[in-house]
Amino acid sequence: MRNTLLDEINENGFIIIEEFLTVEEVEELYRAGRALCMDAPQANRKIFSTVNASDTHSKETYFLESGDKVSYFFEEGAVGPNGELLVNPMHALNKVGHALHTEHPTFEKITFSNRVREICWQLNFNRPAVCQSMYIYKNPGIGGEVIPHQDSSFIYTEPNSTIGFWIALEDCNLQNGCLQFIKGSHKSGVHRRYIRNKENDANELLIYDRSAPIYPQSSFTPLKVSKGTCIVIHGNAVHKSEPNRSQQSRHAYAFHVIETENNVKYSQDNWLQPIKDKPFPILFECKDKNECD
Ligand code: FE2
């Protein structure tokens, strides 16, 4: 019998773990996130937006090929018509991803820590792998809305096994765009998928297989959390965040874990595919229920 974390995620669709990181670890990740701002490209800047996905990253091979790299995505309002930066470089990025967990030692250390392994073990994973990671900025005034979604729409396995680790590196509240969840929504399946476009000459490389469901605003519960808190997210849990309307940033580090055994199949339609001869790195492997490496 593994324990109550499993009960909690099965009941609500998420788990809140306060003080998941120490103050020093939060500081280390935050510093690394700020340092990435200075490494961002000075030309040919790419935009990430969940509101206007079809006009931004869905068209870009830069996004499609970012699964094993440290790639930089700017806020829509941060880049002018000629590609020029309109804001302070420290406030310009939407996110950096999607392989900080393998390409950056600071993020690798936290991602492959025993704390993360323990949670996966308690959630009954047998051979969990980390498939992607990202540093999310949500900068003051410019950090855009993340529309209601399920992470399984993007990282789909059959049966569902995706979970997200979302770690607050700053205090999160309604003003700076904390995560908001529909409790229990993970029990209603995957509502739509974001997949590779099979049409060769298509303008969009990635598309949604159906239009966005409408979720009433009143069904969302905002999760105000302190920095260092980890929210573990069931892949089918509907969540969102509003634009950052405050003067404070809302940095977070997030990564996703999938099961790679128990006949779980990773969808070949997912935007993110493991590179040949470079499978997603595993957190541990259980030979049987009592023996894990
Ligand atoms: Fe998400």
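Data block above holds the structure.
Draft legend 1. Structural view of the overall build of the protein chain. Of regular secondary structure, the protein chain possesses 6 helices and 18 strands. Against the 2.2 N^0.38 benchmark of 19 Å for 293 residues, the protein chain shows a C-alpha radius of gyration of 18 Å, consistent with a compact globule. When the backbone C-alpha atoms are referred to their principal axes, the protein chain occupies close to 60 × 45 × 40 Å. Burial analysis of the protein chain (293 residues in total) assigns 54% to the buried set. Roughly 13600 Å² of accessible area belongs to the protein chain as shown, and the carbon and sulfur atoms make up 49% of that amount. Of the charged side chains in the protein chain, 30 are positive and 38 negative, and the gap between their average positions amounts to 2 Å.

Draft legend 2. The arrangement of the nonpolar core in detail. Ranked by internal contacts, the top residues of the largest apolar core, which has 48 residues, are Cys120, Leu123, Ile163, Phe165, Ile167, Val232 and Val257. The greatest single-element share of this core, amounting to 6 residues, is contributed by helix α2 (residues 23–39). Contact partners of Val257, with chain neighbours within four places excluded, come to Cys120, Phe125, Pro128, Ala129, Val130, Ser161, Thr162, Ile163, Phe165 and Leu283. Judged by nonpolar contacts, the second largest core, of 16 residues, contains Met134, Leu179, Leu223 and Ala252.

Draft legend 3. Molecular detail of helix α6 (residues 114–122). Taken together, the buried positions of α6 are Val116, Ile119, Cys120 and Gln122. Looking down the long axis of α6, one finds its buried residues gathered within 165° of arc, a one-sided arrangement. Asn124 lies just past α6 and shows a positive phi near 75°.

Draft legend 4. View of the state of the cysteines. Tallying each qualifying case throughout the model produces 0 disulfides. Cys172 takes part in no disulfide bond, and the closest cysteine sulfur to it belongs to Cys178, at a distance of 6.9 Å. Residue class for Cys172 comes out buried when judged on its relative accessible area of 4%. Given a relative accessible area of 1%, Cys178 falls into the buried group.

Draft legend 5. Just the pairing of strand β5 (residues 128–136), in detail. In terms of burial, β5 is a largely internal element, 9 of the 9 residues being buried. As defined by bridge partners, strand β4 (residues 93–98) adjoins β5 across 4 bridges and the pair is classed as antiparallel. Bridged to Gly97 within β5 is Met134. Alignment of β5 against strand β15 (residues 252–259), held across 8 bridges, turns out to be antiparallel. Looking at β15, one finds that Ile136 is bridged to Ala252.

Draft legend 6. Representation of the pattern of salt bridges. In the structure shown here, the tally under the stated rule is 11 salt bridges. Notably, a salt bridge pairs Asp68 with Lys69, separated by 3.1 Å at the nearest N-O pair. A salt bridge links Arg245 to Glu242; its shortest N-O distance comes to 3.4 Å. According to the relative accessible area criterion, Arg245 is exposed, its value standing at 58%.

Draft legend 7. Representation of the pairing of β4 in the model. In terms of burial, β4 is largely enclosed, as 6 of its 6 residues are buried. Two elements, strand β3 (residues 70–74) and β4, share 5 bridges in a ladder whose sense is antiparallel. If you follow Tyr72 over to β4, its bridge partner there is Val96.

Draft legend 8. Structural view of the sheet that holds strand β8 (residues 163–168). If you trace the 8 strands from one edge of the open sheet to the other, you get β1-β13-β8-β15-β5-β4-β3-β2, paired in mixed fashion. Of all the strands in the sheet, just β1 (14–17) and β2 (46–47) have a single pairing partner and so form its edges. Against the sheet, helix α1 (residues 4–12) contacts β1, β8 and β13 (230–234), and its axis sits at roughly 130° relative to β1.

Draft legend 9. Highlighting the coordination of the iron ion. Protein coordination at the iron ion comes from His149 (NE2), Asp151 (OD) and His239 (NE2), with a distance range of 2.2 Å. Mapped onto the sequence, the residues coordinating the iron ion show the spacing H-x1-D-x87-H. A residue pair is termed long-range when its members are at least 10 positions apart, and His149 in strand β6 (residues 146–149) and His239 in strand β14 (residues 239–241) qualify at 90 residues. Across the pair, His239 and His149 agree in class, each one buried.

Rules used throughout
Residues numbered from 1 in each chain as written. Predicted model: local features only at pLDDT ≥ 70, side-chain atom pairs only at ≥ 80, totals over all residues. Heavy atoms only, no water. Helix = DSSP H or I, 4+ residues; strand = E, 2+ residues; numbered from the N terminus. Rg over C-alpha atoms; globule rule 2.2 N^0.38 Å. Buried < 20%, exposed > 50% of the residue type's maximum accessible area, 1.4 Å probe, protein only. Areas by Shrake-Rupley, 256 points an atom, 1.4 Å probe, with all protein chains shown as cover. Lys, Arg positive; Asp, Glu negative; His and termini not counted. Charge placed at Lys NZ, Arg CZ, Asp CG, Glu CD. Core = buried A, V, L, I, M, F, W, Y, C linked by side-chain atoms within 4.5 Å. Contact = heavy atoms within 4.5 Å. Arc of directions from axis to C-beta. Disulfide = S-S within 2.5 Å. Pairing = 2+ DSSP bridges. Salt bridge = Lys/Arg side-chain N within 4 Å of Asp/Glu carboxyl O. Axes fitted to C-alpha atoms, helices over the stretch in contact; angles between N-to-C directions. Donors = N, O, S within 2.8 Å, 3.2 Å for Na, K, Ca; no water.

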